[in-house]
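Listed below are the residues making up each chain.
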Amino acid sequence: MTTKNPEAVLPAHGIEAPRSGRIDPKYLRSGSGSGSFEMAAWLFMRISGLALIVLIFVHLWTNLMMGDGIHQIDFGFVAGKWANPVWQFWDLVMLWLAMLHGTNGMRTIIDDYAEKDRTRVALKGILFVASAVIITLGTLVIFTFEPCLMDSSGELLDSVPAFCHDVVG
Amino acid sequence: MTQTKTGGTLYRGREGMWSWVVHRISGVGIFFFLLVHVLDTSLVRVSPEAYDAVIGAYKNPIMIVGEIGLVGGIVFHAFNGLRIILVDFWKQGTRYHRQLLWGVVGLWVITMAAFTVRHLMLFFQGA
């Protein structure tokens, strides 16, 4: 074994403490700029996760466990739920939190497994576009939904929920 | 010193690793279902017939089994997520992370037994 640097084998000169400024800044965790974002993302996953447990468990309970379960789900069922602003708000918050939680999780997985820069950028681009489209679409659907649909002669359709007959007459 | 026989180079992180693996796989599965689920719900803006036709697919026997799998993934992800929060924020979390995982598995078995029985009963009643 040959050594060109005598200091490397002469600890008598004293060994500097680790992280004493000799480390290339690119290897340092602090000051990289994305630190606060990653911290916020980490915290968001835990807070949104807690909220989603309540939001999704109640969603599954009312839609699949109560009443006739899976067989009750049709246009009238959705219309009946969204006639109540509480369920509109419930589904809106659930949509946003679930999509942001899921998108951040997928981002983490892409960062872990896609090693080539181009692959990573491309996959994350597809992910972010898909998420933006789904969040926008879902939000518009909740806010522009019209439960009491009528045919061309002004008669209520058969599939509308019962309360439409009281409202429209 | 006794020689230990190693099974290749597989990282054997035991409970901690396997819960991480299942958490990832269930998360990815739930994410893709969520994309589909927002799209199928959006059909209420197309027409009642379109929505009822597509949502009718969820009442097919194969999809009933799929729904049990989906809820199984959601329930595991939810309970294991609580375990992760405890490991992160509770002082004793890292010490008891294995016991917490067996708690997650136990609660998952109980929840899924109840859900599966109820879901299948409702399916056969309405079929």
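These remarks concern the structure in this document.

The rules we used
Residues numbered from 1 in each chain as written. Chains lettered and ligands numbered in written order. Predicted model: local features only at pLDDT ≥ 70, side-chain atom pairs only at ≥ 80, totals over all residues. Heavy atoms only, no water. Helix = DSSP H or I, 4+ residues; strand = E, 2+ residues; numbered from the N terminus. Buried < 20%, exposed > 50% of the residue type's maximum accessible area, 1.4 Å probe, protein only. Contact = heavy atoms within 4.5 Å. Areas by Shrake-Rupley, 256 points an atom, 1.4 Å probe, with all protein chains shown as cover. Salt bridge = Lys/Arg side-chain N within 4 Å of Asp/Glu carboxyl O. Phe/Tyr/Trp six-rings, centres within 6.5 Å; stacked < 30°, edge-to-face > 60°.

### Observations regarding the overall build of chain A
Then comes step 1: Looking only at helices and strands, chain A has five helices and zero strands in total.
Then comes step 2: Walking chain A from its N terminus toward its C terminus, one meets helices and strands in the order α-α-α-α-α.
Then comes step 3: Among the 169 residues that make up chain A, the fraction classed as buried is 35%.
Then comes step 4: A fraction of 56% describes how many contacts in chain A between residues 6 or more apart in sequence connect residues 24 or more apart.
Then comes step 5: Split by element, the accessible area of chain A, about 11,200 Å² in all, is 65% carbon and sulfur.

### Some thoughts on the pattern of salt bridges
Then comes step 1: In this structure the tally under the stated criterion is eight salt bridges over all chains.
Then comes step 2: Linking Arg46 of chain A and Asp88 of chain B is a salt bridge whose minimum nitrogen-to-oxygen distance equals 2.5 Å. In this pair, Arg46 of chain A is assigned in helix α1 (residues 35-65) and Asp88 of chain B in helix α3 (residues 61-89), connecting two distinct chains.
Then comes step 3: Salt-bridge contacts for Arg107 of chain A lead to Asp111 of chain A; the nearest nitrogen and oxygen are separated by 4.0 Å. With Arg107 of chain A and Asp111 of chain A both in helix α3 (residues 85-113) and four residues apart, the pair spans about one turn of that helix.
Then comes step 4: Take Arg107 of chain A: its relative accessible area is 10%, and that puts it in the buried class.

### A few points about the environment of Leu107 of chain B
Then comes step 1: Along the polypeptide, Leu107 of chain B turns up in helix α4 (residues 97-126).
Then comes step 2: Through-space distance from the C-alpha of Leu107 of chain B to that of Val75 of chain B is 9.1 Å; in sequence the pair is 32 residues apart.

### Quick look at the packing of aromatic side chains
Residues and elements named next belong to chain A.
Then comes step 1: On inspection of all chains with the given rule, the structure shows nine aromatic pairs over all chains.
Then comes step 2: On the numbers, 5.5 Å between centres and 65° between planes, the contact of Trp87 with Trp90 is edge-to-face. Residue Trp87 and its partner Trp90 are located together in helix α3, separated by three residues, close to a single helical turn.
Then comes step 3: When its relative accessible area of 18% is taken as the criterion, Trp87 is described as buried.

Distances and angles like these do not, on their own, reveal function.
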